Every structure is written in C-alpha cells, then in structure tokens.
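# Close look at the chain arrangement
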Amino acid sequence: MFNKVLIANRGAIATRIIRTLKEMGVIAVAVYAEADADSLHVSLADEVYALGEGTAAQTYLDQDKLFAIIEQCGAEAVHPGYGFLSENPTFVKRCEQHGVVFLGPTTEQMAAFGLKHSARALAEQNQVPLLPGSALLTSVEDALRQAEQIGYPVMLKSTAGGGGIGMQLCGTPAELTKAYDSVKRLSEANFSDSGLFLEKFVERARHIEVQVFGDGRGKVIALGERDCSAQRRNQKVIEETPAPNLPAHIRTQLHATATRLCAAVNYRSAGTVEYVYDPANEAFYFLEVNTRLQVEHGVTEQIFDIDLVKWMIQLGAGELPSLEMIESALQPRGHSIQVRVYAEDPNKQFQPCAGLLSEVSLPAADGKHLRIDHWIESGLTVSPNYDPMLAKLIVWREDRQQALVALVDTIAETYIYGIETNLEFIGHILGSEIFQQGKIYTRYLNSFNYTPATIDVLAAGTQTSIQDYPGRIGYWDIGVPPSGPFDSLSFRLGNRMLGNDARCAGLEFTLNGPTLRFNQATMIVLTGADMEAQLDGDTVPFWQTVAVQAGQTLKLGKVNGAGARSY
C-alpha cells in the first residue's frame, strides 16, 4: 500500500478522499488555495501545502505547482477526485513521467472517451444504441444541412464539453444559426477545443447512468444505475439509485452495454456510462462516458455498501481483490437519494453566492442512513473563485418512499446561514408530484415554478434590523445587554393585527426606511413612528393591514414628525 497520497482537489470530494485514506492508514496530503485556507479538507489532512492566491487556473489547475509539491512531500500517488484535472491526459502523462501513480483511467482511455464524437464512434463499434447525430461540423451551413436530416429539435454540443457546459437546444434553423458561433466560442474558451456536433433531442428524456469499475485488464463490472434527470441548465441537482420506473429488461441492457463498451478499451478504475432514456418508447441511447469518479458516486456506495475511493486506491497499489470475486459478492439493497447543496440564489437566476457562513448546522450523520459529504463550517468564507457546491446530503432507506421522507426531514434539519443556498428550492422539487412519482425528466426544471417566501432588500435604509419580542434577555451577567424592538408596544400591536404569534419577528426601521421587494403574496402592517411609505407608487397607511402581491415593491422614506423607529 502507498505511504502517502496527494489529493489534487478541494471541497467535499477532498474531505471524502482524506477520510478514506486515513481509514486505510495512508498519509493524506492536501493542497489548498488561500481562499480555502479554513476549509475542512485542510484541517482534516495529515499534511497540507499552499497553492497561493488566485483562480482555479492559478491554483488547483497549475500542474507545475502540484508536481513541485509532490516532489517535496514524497507522495507516491495522486487522487484527482472529480473536476479540475481528473480527466486531463496531460496531467496523467506527467504523473507517469514523475513516477507517480495516477488513481484513475489511462491517457488512452481518456482520449477514447474524452471527445464525444469519437466516443460515439466507439459506441457504434460495440453495438451501443446511439441517438441520431452528426460527425464534427465544419460550418453553420453544414450544421443546418445535418439538422434537416436528423430532424428538429436537435442539441448542438461541444465535443469536449462537460458538466452541462457547451450545449444548446435548437428547435428551428434560426435558433441553430444563432447558437452556432456562441457555443463554438464557449467550447474554445472552456475546453480549448471548438469542435461541435449535433444530436437528436428526445422530449421528456430521462438521464440514466451506469457506474462501472474496471481492472485495466479487460474485466469491467456494473454497479447499478442512477437516475440523474433532475437537472437545471444541464447540471444535475438530485440523483438516486436504483432508477425508478425502469423496466427490468432495460436495466439489464443498460448494464450490459456499459460493461461491453468499457471492456473494449480495457477500462481502468471508476467511470460512468451515461444514457438518454426515452420512457415513451422504452428505448435508451448512448450519451457519453465520464472517465472519473462522479459527484453522485455516493448513492451507489450506499446501496452496495462499498467504497469506490478505496477501490481506486487499492487498484493503483495493486492490492484490489479480483473483480470477479468482488462481483460475486455484490448485493444491492434499498434506495439512496442525493441532493447537491449549492451556494446560489434560485430566485435570481441561480446566481452564485459568495460570502461568510455565519452558521452551519448539519444533522448528525451515521454514514449509512444519512451521509453528508461537505467542506463547510460556521465562520468559513465561500469564495467566488470555485464551484459553488457546499455539500451533498445522501440518505439511504429500505425503499424509495422512506428515502424521500428521510431526505425531506434532513433538509428541514439543515441550516446554512449567511449566504443564499438552493436548499428550499430542492425541497420544493422533492415535494412535486412528478418527482414523487419518479417521472421527472431532464427539461422539467426549466419551467419549474419556484417562489420563495422571502423579501429582497433593494435599499437598506439608515438602520434596518430584524427584531422579535422580548428579544435577547437574561445575559446581563456576562455583559450582553437586552435587545428586542425599541418600541415594543408598536411592535406587538403589529403582530396582533396580523394574527401572528407574539414571538414572530419583524423589521425595525430607524429614521429612514428601506426599499423592499416581496417574492410572495402576503399581508403586512406598518406601525410605530409615521414614515413615508409607498407600494408601487401608491401611499400605504400605517396601522392598517395591507395586501401585498408577489413582485410588488415597498419604498419607505423619512419619518414624519415625532418618533424615530417604525416597524
């Protein structure tokens, strides 16, 4: 077994790998950008090395820095996790040149599956069903000709794309013409490869993927399938296994074609074969192969009671038991669902949210019924430089319905304050009828109606604070003065007029009020010192309940006359 392994990654996957290495008695070496200095993976590792300040390109993707650290610490192997350099053949080749074991597939296997058009050709050779599509396109005119033959709608794709980047749905020739140059530029900027091709788009398609593991000598096993159809902008949000409402013969064929395809290249280590499934016709089509560990690998581990990261390390060290022996003992059990918690605001086009995490409180995880892969703690600052994923909440139960109930309860017990997250958005998806029935499809979330019970602060006013009654009391003995609303009578009367519980919070305005936009219809009341107040330009009276519609803006101005605080 290795003495030291370097993790060339960050975040939840880095903490996941470190924990496995420590359980195996292997020294875990972590790297970090300065923005991640307080990240959980840094405190968990046995040895840590700084990559300096800057973006991903200046830190985690800087191969020269990584190899200098490898030489300095004496690591014998590198685990790439997912993303970053996990599918970079140049990095794998440099590992070989430095005598370091890369814990993943070979450069040849990455090349075979790395470009989607070549992966399609390999799939065709191995009798894997393919969506109607084109070869690499030479021009927009070529794209228009090919699209007419395939039939609209089509998906315009970057051959080197991944993670939902570099693809555009086109329903008409005009849409294809408009998208061609922009997708080409995006592909070149993100993947240094401007190659594009077309693929037939299946309405109400489901995204099904098969987890595989190969020994590099021709033996490949399938470890069930995952449904990853809950996506927004082609980015997965919820994943589960086994895939619901999947006929037994389709499940069998998916596993068989995935292992046949990967065995054709003597695939080594963990990988995923992804498919488009058309439930209306009970037909599936090859999509791509991801030559790395997937973000959603945890749900597979939960139902098989295995550790894919451990397998990758053992395989690299030449100590993995034969896959024939492993396969004979495999027995899936139960149902597992994972949700991805992102630092983003679903009510503002999912814009990433960086900033200080004032409180992080996660439910107790036992590793089996509930597993949480994360990198966050209270007081940590989320950087805008990297992927916004904060955590993965993974539940396991005996059946899907039990797992769904447990996951909803888990989300309700998860508190992440200081920045916006998608937790409430995920809860709405889980509660939707289509997800409950296991019939969600890849485009469903594009039109999913989500309106959070929140207020956007467009302008803060002189001093606006959240108060409740009686507020914070009983701490004078340790030097903390009482808090609560300054004019508690006006505050309490406001709650009474609305029929609220007496303990409900409200906003206190001092001298000059804020501008607020409401995201849901509600009732409000203004109390305390009289203040200029307009709702979409109409004057709002004090001491009366007022109906507010979703999207309306309340603008509060200066105090009129006596008093300084309003509510």
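Below, the structure is looked at part by part.

### Side note on the overall build of the protein
Helices and strands together make up the secondary structure of the protein, namely 16 helices and 32 strands. Computed over the C-alpha atoms, the radius of gyration of the protein is 27 Å, within 12% of the 24 Å expected from 2.2 N^0.38 for a compact globule of 567 residues. Here the protein holds 567 residues, and 52% of them are scored as buried. For the protein, the exposed surface amounts to about 24200 Å²; the carbon and sulfur share of it is 49%. When the 47 positive and 65 negative side-chain charges of the protein are each reduced to one mean point, those points stand 2 Å apart.

### Here's the deal with the side chain of S158
One can find S158 in strand β6 (residues 154–162). For S158, a relative accessible area of 1% puts it in the buried group. Of the polar contacts made by the side chain of S158, one reaches the side chain of S187; its length is 2.6 Å. Setting aside residues up to four positions removed in sequence, S158 forms contacts with K116, G166, S187, F191, D193, G195, L196 and F197.

### Looking at the sheet that holds strand β5 (residues 101–102)
A sheet is described by the order of its strands in space; here 5 strands give the open sequence β3-β2-β1-β4-β5, paired in parallel fashion. The strands lining the two open edges of the sheet, one partner per strand, are β3 (47–50) and β5. Of the strand pairs in this sheet, strand β2 (residues 27–32) and β3 are connected by 4 bridges, and their pairing is parallel. Each bridged residue has a counterpart across the sheet, and for Y32 the counterpart in β3 is A50.

### Some remarks on unusual backbone geometry
That bond from Y152 to P153 is cis: its omega, 0°, falls within 30 degrees of zero. When you line up the elements, P153 lands in the loop between α7 (140–150) and β6. Across the junction of Y469 and P470, the peptide omega takes the value 10°, indicating a cis bond. Here P470 shows up in the loop between β24 (463–467) and α16 (488–498). For L511, which is not glycine, the phi torsion reads 65° and is therefore positive. Structurally, the position occupied by L511 is in the loop between β25 (506–510) and β26 (515–518).

### Details of the packing of aromatic side chains
For the structure on display, the rule yields 13 aromatic pairs. Each member of the aromatic cluster is reached from another via a ring pair, and the members are F350, F425, Y441, Y444, F448 and Y450. Its guanidinium or amino end placed over the ring of F350, R232 lies 4.2 Å from that ring's centre, counting from NZ or CZ.

### Examining helix α11 (residues 308–316)
Among the 9 residues of α11, 7 are classified as buried, and the element is accordingly described as predominantly covered. Where α11 is concerned, the buried positions are L308, V309, W311, M312, I313, Q314 and L315. With a side-chain oxygen positioned 3.1 Å from the backbone nitrogen of V309, the residue opening α11 is D307. Two residues or fewer after α11 comes G318, characterised by a positive phi angle close to 75°.

### Focus on the pattern of salt bridges
Scanning the model with the defined rule gives 30 salt bridges in all. Notably, a salt bridge pairs K236 with E209, separated by 2.8 Å at the nearest N-O pair. Here the residue K236 occupies a position in strand β11 (residues 235–241), and E209 occupies one in strand β9 (residues 206–215), the gap between them amounting to 27 residues. The exposure classification of K236 matches that of E209, with both residues buried. Three or more residues are tied together by salt bridges with common partners; here these are E209, R226, K236, E239, E274, E296 and R340.

### Quick notes on the packing of helix α13 (residues 400–412) against helix α14 (residues 423–431)
One way to put it is that α13 packs onto α14 with a least axis distance of 10 Å and a crossing angle of 155°. If you check the angle between α13 and α14, you find them roughly antiparallel. In the packing of α13 onto α14, the handedness of the crossing is left-handed. Contacts from L404, L407, V408 and I411 in α13 reach L423, I426, G427 and L430 in α14.

### Focus on the sheet that holds β26
Strand order in the open sheet formed by 5 strands is β23-β26-β31-β28-β29, with antiparallel pairing between adjacent strands. The open sheet has two edge strands, β23 (455–459) and β29 (538–539), and neither has a second partner. Here β23 pairs with β26 via 4 bridges, running antiparallel. The residue bridging I455 from the neighbouring strand is F518, located in β26.

### Some words on α7
If you check which residues of α7 are buried, you get V140, D142, A143, A147 and I150. Axial view of α7: buried residues confined to an arc of 145°, hence all on one face. Every exposed residue of α7 that faces more than 90 degrees away from the buried side is listed here: R145, E148 and Q149.

### Brief notes about the nonpolar core
Residues F213, L223, I238 and W311 are the most contacted members of the largest nonpolar core, which totals 78 residues. Not counting the four nearest positions on each side in its chain, I238 is found in contact with D227, C228, A230, I337, Q338, V339, I426, I429, L430 and F435. Counting residues in each nonpolar core, the second largest holds 26 residues, with V31, V42, A56 and F67 among its members.

### Digging into the environment of T462
Positionally, T462 belongs in the loop between β23 and β24. Accessibility expressed as a relative area gives 52% for T462, which makes it exposed. Residues T462 and K392 lie 70 residues apart in sequence; the distance between their C-alpha atoms is 39 Å. With residues near it in sequence (within four places) discarded, T462 still touches T510, L511 and N512.

### Looking at the side chain of E240
One can find E240 in strand β11. At 2.7 Å, the side chain of E240 forms a polar contact with the side chain of H335. Looking at E240, its side chain comes within polar contact range of the side chain of R400, at 2.7 Å. In this structure E240 touches E225, R226, D227, H335, S336, I337, R400 and F435, once residues within four positions along its chain are discounted.

### Quick look at the state of the cysteines
According to the stated counting rule, one finds 0 disulfides in the structure shown. Cysteine C262 remains unbridged, with the sulfur of C228 as its closest cysteine sulfur at 16 Å.

### Overview of the pairing of strand β28 (residues 531–535)
Residues in a regular strand point their side chains to alternate faces of the sheet. Burial of the side chains of β28 is restricted to one face: M531, A533 and L535 are buried, whereas none of E532 and Q534 on the reverse face is. Relative to strand β31 (residues 553–559), β28 runs antiparallel, the two being bridged by 4 bridges. Among the inter-strand pairings, A533 is bridged to a residue of β31, identified as L556. Summarising the sheet, β28 and β29 pair through 2 bridges and their orientation is antiparallel. By the bridge assignment, Q534 is partnered in β29 with T539. Here β28 folds back onto β29 in antiparallel fashion, the turn holding 2 residues, of which D536 has a positive phi close to 50°.

Conventions used here
- Residues numbered from 1 in each chain as written.
- Predicted model: local features only at pLDDT ≥ 70, side-chain atom pairs only at ≥ 80, totals over all residues.
- Heavy atoms only, no water.
- Helix = DSSP H or I, 4+ residues; strand = E, 2+ residues; numbered from the N terminus.
- Rg over C-alpha atoms; globule rule 2.2 N^0.38 Å.
- Buried < 20%, exposed > 50% of the residue type's maximum accessible area, 1.4 Å probe, protein only.
- Areas by Shrake-Rupley, 256 points an atom, 1.4 Å probe, with all protein chains shown as cover.
- Lys, Arg positive; Asp, Glu negative; His and termini not counted.
- Charge placed at Lys NZ, Arg CZ, Asp CG, Glu CD.
- Polar contact = N/O pair within 3.5 Å; in protein donor to acceptor, adjacent residues only side chain to side chain.
- Contact = heavy atoms within 4.5 Å.
- Pairing = 2+ DSSP bridges.
- Phe/Tyr/Trp six-rings, centres within 6.5 Å; stacked < 30°, edge-to-face > 60°.
- Lys NZ or Arg CZ within 6 Å of the ring centre and 35° of its normal.
- Salt bridge = Lys/Arg side-chain N within 4 Å of Asp/Glu carboxyl O.
- Axes fitted to C-alpha atoms, helices over the stretch in contact; angles between N-to-C directions.
- Parallel < 35°, antiparallel > 145°, perpendicular 65-115°, else oblique.
- Left-handed = near helix turned anticlockwise from the far one by under 90°.
- Arc of directions from axis to C-beta.
- Core = buried A, V, L, I, M, F, W, Y, C linked by side-chain atoms within 4.5 Å.
- Disulfide = S-S within 2.5 Å.

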